[in-house]
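Each chain is listed here by its residues.
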Amino acid sequence: HLWHRYDWFAYIGIVAVAGCYNRIPLRYVAITMLLTVWAMAGYCAYLYFYTTELDFLVSHLMRLNMLRTQHINSHMIIDLYTNFALIMGFCTLADKSVRPLAKGVIGFLMLPALAFVLLSDGRIGQFTAIAVLLVCLLAVIYRWRKWLCIPFCVLGLIGGGWLMMQNERMMLLQTESDPRAVIWQFSWEQIKQKPILGYGLSSLSQTYVERAYNDPQMYAGFVQPILENIPDFAAQGKTMITCHPHNAFLMHWLAYGIMGVIVLAGFLVAAALLPVGKRRLYLWLMLACFVLQCMTEPIGDHLLPQLICLMLLVWQFSTPADTRP
């Protein structure tokens with residue numbers, strides 16, 4: 001936890017060293033990230049076949065995802081990182097200056113990485129991976145045969161929708177309500193009490209949690225299901241670590257008032273306008289991944305700002321100066 005608070009010093013040091021060069025080859029970043037995904041997937045496979053920590057009566061995918069969460073990290077972090085790695089891979093494949101051999105290696109590394117995120121129980125990460133795949137393939141088809149774009153989109157939406165419905169957590173929505181809907185409504189009610197200035201981050205961590213536990217609808221719809229179904233959350237007690245708005249925009253509004261939302265939106269707009277030349281589609285895809293994850297998690301332990309900023313620096317340093325607008 002403390003490392004997450006101070007590791008930005010290390011990233012600044014990395015940037016200082018990288019700044020000695022005019023350009024970072026993007027393919028090196030793509031290969032490094034994809035190999036990291038391979039390492040995570042390989043470790044998960046080892047845990048799946050050679051550990052007995054979980055009951056084998058649970059479904060295969062549930063067992064795989066539970067082991068991944070316990071031994072590596074939450075599906076939010078892993079899925080976001082994997083989707084970033086896939087976007088880096090697609091961008092490298094679209095680069096005409098990259099040799100065919102390098103493209104073949106990156107394409108080979110991308111296939112298991114794509115499967116790794118599609119098998120996740122994270123609905124946002126899975127949806128994002130499908131969207132990234134469809135957009136990148138559509139970009140290729142548009143340059144090759146424009147008339148194929150419409151049937152491809154239809155088939156892609158049908159196939160992606162079917163794949164999403166195989167997610168066990170999506171199936172649960174047919175019989176159970178999503179606790180996030182309850183906490184979003186509760187958060188909005190708290191925002192309406194202090195919409196301009198907010199509560200302040202320190203005060204919010206006490207006021208928000210106390211009100212959540214004392215609100216009957218919030219307690220029955222979110223707190224109680226979380227405490228009963230996730231023992232790790234219950235062990236942490238009454239804190240903002242588990243009882244938070246599950247939305248970065250709501251969290252910023254609650255803590256910092258309307259200016260918090262404006263600053264966050266301004267950061268995203270500024271990032272989208274970075275001078276990256278012809279790679280803007282892939283930069284926007286990366287930001288879209290981040291925004292989608294922001295809709296279900298706050299920026300902090302799950303969505304590390306250091307990772308986002310470091311990825312933006314990679315885009316900036318990997319773009320040749322002569323291709324920038």
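Since the model is a prediction, treat every value here as computed from it, not as a measurement. (Residues numbered from 1 in each chain as written. Predicted model: local features only at pLDDT ≥ 70, side-chain atom pairs only at ≥ 80, totals over all residues. Heavy atoms only, no water.)

> Can you tell me about the overall build of the protein, naming the residues and giving the values?
Across its full length, the protein holds 17 helices and 0 strands. When the 325 residues of the protein are sorted by exposure, 41% land in the buried category. Surface summary for the protein: the accessible area is close to 17800 Å², and the carbon and sulfur share equals 70%. (Helix = DSSP H or I, 4+ residues; strand = E, 2+ residues; numbered from the N terminus. Buried < 20%, exposed > 50% of the residue type's maximum accessible area, 1.4 Å probe, protein only. Areas by Shrake-Rupley, 256 points an atom, 1.4 Å probe, with all protein chains shown as cover.)

> Mind laying out unusual backbone geometry, listing which residues take part and the relevant values?
Despite not being glycine, H246 shows a phi value in the positive range, around 55°. By secondary structure assignment, the location of H246 is in the loop between α13 (231–235) and α14 (248–256).

> Hey, could you go over the nonpolar core for me, with residue numbers and the actual values?
Most often, soluble globular proteins have nonpolar side chains that are buried together. Core analysis: the largest hydrophobic core is formed by 54 residues, its most contacted members being M33, F84, I87, M88, Y282, M286 and W315. Broken down by secondary-structure element, the contributors of at least two residues to this core are α3 (26–50), α5 (75–93), α6 (100–118), α7 (123–144), α14, α15 (258–272), α16 (280–294) and α17 (305–317). The element contributing the most residues to this core is α5, with 10 residues. What M286 contacts, discounting residues up to four positions off in sequence, is F84, I87, M311, L312 and W315. Ranked by size, the runner-up nonpolar core spans 20 residues in total, among them I183, Y199, I226 and L250. (Core = buried A, V, L, I, M, F, W, Y, C linked by side-chain atoms within 4.5 Å. Contact = heavy atoms within 4.5 Å.)

> Describe empty space enclosed by the protein, listing the residues and the values that go with them.
Throughout the structure, instances matching the rule amount to 1 cavity of 30 Å³ or more. One number sums up the size of the largest cavity: a volume of about 50 Å³. Looking at the largest cavity, the residues that line it are Y213, F222, V223, I226, L227, T242 and C243. Top contributing element to the lining of the largest cavity by residue count: helix α12 (residues 216–229), with 4 residues. Looking at the lining of the largest cavity residue by residue, the class counts come to 6 nonpolar, 1 polar and no charged. (1 Å grid on protein atoms, 1.4 Å probe; cavity = no way out; pocket = protein on both sides within 12 Å on 5 of 7 lines; lining within 4 Å. Points joined across faces, edges and corners; volume = space filled by probe spheres on them. Nonpolar A, V, L, I, M, F, W, Y, C, P; charged D, E, K, R; others polar.)

> Give a detailed account of the pattern of salt bridges, specifying residues and quantitative values.
Within the structure shown, the criterion is met by 4 salt bridges. A salt bridge links E297 to R180, with the shortest nitrogen-to-oxygen separation between them at 2.9 Å. Here E297 is found in the loop between α16 and α17, whereas its partner R180 is found in helix α10 (residues 179–191), with 117 residues between them in sequence. Residue classification places R180 among the buried residues on the basis of a relative accessible area of 13%. (Salt bridge = Lys/Arg side-chain N within 4 Å of Asp/Glu carboxyl O.)

> I'd like to hear about the side chain of T128, residue by residue, with values.
Of note, T128 is situated in helix α7. On the accessibility criterion, T128 (3% relative accessible area) is buried. Here T128 is in contact with N83, C289 and L292, once residues within four sequence places are set aside.

> I'd like a description of the environment of Y208, backed by residues and values.
On the secondary structure map, Y208 appears in helix α11 (residues 201–214). Overall, Y208 belongs to the buried group, its relative accessible area being 2%. A sequence separation of 37 residues divides Y208 from P245, and the C-alpha atoms of the two residues are 9.2 Å apart. Apart from the residues lying within four places of it in its own chain, the contact partners of Y208 are I183, F186, S187, Q190, M240, C243, H244, P245 and L254.

> Describe in detail the packing of aromatic side chains, supporting the description with residues and values.
Applying the stated criterion to the full structure yields 5 aromatic pairs. For the pair Y48 and F49, a centre-to-centre distance of 5.0 Å together with 80° between the ring planes defines the contact as edge-to-face. Of the residues examined, Y48 reaches a relative accessible area of 17% and is grouped as buried. A cation over a ring is seen here: R68 above F116, with NZ or CZ 4.9 Å from the ring centre. (Phe/Tyr/Trp six-rings, centres within 6.5 Å; stacked < 30°, edge-to-face > 60°. Lys NZ or Arg CZ within 6 Å of the ring centre and 35° of its normal.)

> Which residues make up a nonpolar patch on the surface, and what values do they have?
Taken together, the side chains of Y43, Y46, F49 and Y50 define a hydrophobic patch exposed on the protein surface, amounting to about 520 Å² of accessible area. Tracing the backbone shows Y50 in helix α3. (Patch = residues over 30% accessible without salt bridge, like charges linked within 9 Å, V, L, I, M, F, W, Y side chains within 5 Å.)

> Residues and numbers for the confidence of the model for the protein, please.
On average, residues of the protein score 82 in pLDDT, and 83% of them reach the 70 mark or higher. For the protein, the element scoring lowest by mean pLDDT is helix α9 (residues 168–172), at 58; α16 scores highest, at 93. (pLDDT = per-residue confidence, 0-100.)

> Explain the packing of α5 against α7 to me, and be specific about the residues and the numbers.
Viewed as axis vectors pointing N to C, α5 and α7 meet at an angle of 10°, and their least axial separation amounts to 9 Å. Considering the angle they form, α5 stands roughly parallel to α7. In this structure, α5 contributes D79, N83, I87 and F90 to the contact, and α7 contributes G125, T128, A129, V132, L133 and C136. Looking at side-chain class alone, the contact of α5 with α7 contains 6 nonpolar, 3 polar and 1 charged residues. (Axes fitted to C-alpha atoms, helices over the stretch in contact; angles between N-to-C directions. Parallel < 35°, antiparallel > 145°, perpendicular 65-115°, else oblique.)

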